[in-house]
Amino acid sequence: MEKFILKSLLILGFLATAACSSGGEVEDISGLDSYSVVSGSFSQADSTALHIAGTTGVVRFTSTLPGVSSSRSISLKASLNNVTLSDVSAVFYASDSSVSGSTGIVVTFSRTGASVNASITFNGQTRTVTSSDMGFYIPNNIDVVIDVHNVGTKSRVYIWRRDNLVYAPTSADVDSNSDVSSALPTAVGPGTFAGLILNYATVTAAQVSTPKVLD
């Protein structure tokens, strides 16, 4: 009887391990990294959420980035209000402490009716993400991981929906090397500042961390 129980436990342990290795429930995230408000009138601006019912609100993360020749990711959860101007941008490697989006790498999600568009900007030069790559994105439920690789002579950006259990270049919804309207310029972000820009939007999670894939 004891041998039967032990064998049953071993089988159950094996099945549990197999289930975990093949995928599972994604742990939810919430809360924002420490930041300071640069500009804008937020109706909520604390550690749990940013909300602005107008245009434009900017925050800068307290911790700076390592600079050129480094990579970082951000887990971002946001919702876009049902207005034409609604958008949210993650800014990385900016050289201006105002995090204006004129320098560095900027990834923007914007609302068009019930659809989401996206664009990637390198030091002021913007390219639109191919619309077919955004087909699964919902304006009220943007839950993504963005990798910004600011290395070599040209930065590279990957975007995954956060419920993707295998983060790899081949599983990315968006790869800036191929999924944009035209080739991005050969450039890297020149600075160490990172932050968010909101227009008629809400952010409930923004956490900067190490990249999901290696350079």
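Quick summary incoming for the structure in this document. Fair warning: this is a prediction, and the values are worked out from it, not measured in the lab.

## Some details on the pairing of strand 11 (residues 156-161)
When strand 10 (residues 142-150) meets strand 11, the two strands line up antiparallel, connected through 6 bridges. Paired with Ile-146 across the bridge in strand 11 is Ile-159. The hairpin turn running from strand 10 into strand 11, its antiparallel successor, is 5 residues long, and Gly-152 in that turn takes a positive phi close to 65°.

## Considerations on the packing of aromatic side chains
On inspection of all chains with the given rule, the structure shows 4 aromatic pairs. Taken together, a centroid distance of 6.3 Å and an interplanar angle of 20° make the contact between Phe-109 and Tyr-137 stacked. Of this pair, Phe-109 sits in strand 7 (residues 105-112) while Tyr-137 is found in the loop between strand 9 (125-128) and strand 10, placing the two residues 28 residues apart along the sequence. An identical accessibility class is assigned to Phe-109 and Tyr-137; each is buried. Pairing Trp-160 with Tyr-167 gives two aromatic rings, centres 5.2 Å apart and planes at 90°, and the pair type is edge-to-face. What makes Trp-160 buried here is its relative accessible area of 0%. Taken together, the ring pairs connect Tyr-158, Trp-160 and Tyr-167 into an aromatic cluster.

## Looking at the pattern of salt bridges
Two side chains bearing opposite charge may form a pair once their charged atoms approach each other closely. In total, this model carries 5 salt bridges according to the counting rule given. Between Lys-77 and Asp-28 there is a salt bridge; the shortest N-O distance is 2.8 Å. Taken together, the residues Lys-77 in strand 5 (residues 70-80) and Asp-28 in the loop between helix 1 (2-21) and strand 1 (31-32) connect sequence positions 49 residues apart. Overall, the relative accessible area of 15% leaves Lys-77 in the buried class. In this structure Asp-28 comes out as exposed when scored by relative accessible area, which is 54%. Among the ionic pairs, Arg-161 bridges to Asp-173, the shortest N-O distance being 2.8 Å.

Cut-off values and rules
Residues numbered from 1 in each chain as written. Predicted model: local features only at pLDDT ≥ 70, side-chain atom pairs only at ≥ 80, totals over all residues. Heavy atoms only, no water. Pairing = 2+ DSSP bridges. Helix = DSSP H or I, 4+ residues; strand = E, 2+ residues; numbered from the N terminus. Phe/Tyr/Trp six-rings, centres within 6.5 Å; stacked < 30°, edge-to-face > 60°. Buried < 20%, exposed > 50% of the residue type's maximum accessible area, 1.4 Å probe, protein only. Salt bridge = Lys/Arg side-chain N within 4 Å of Asp/Glu carboxyl O.

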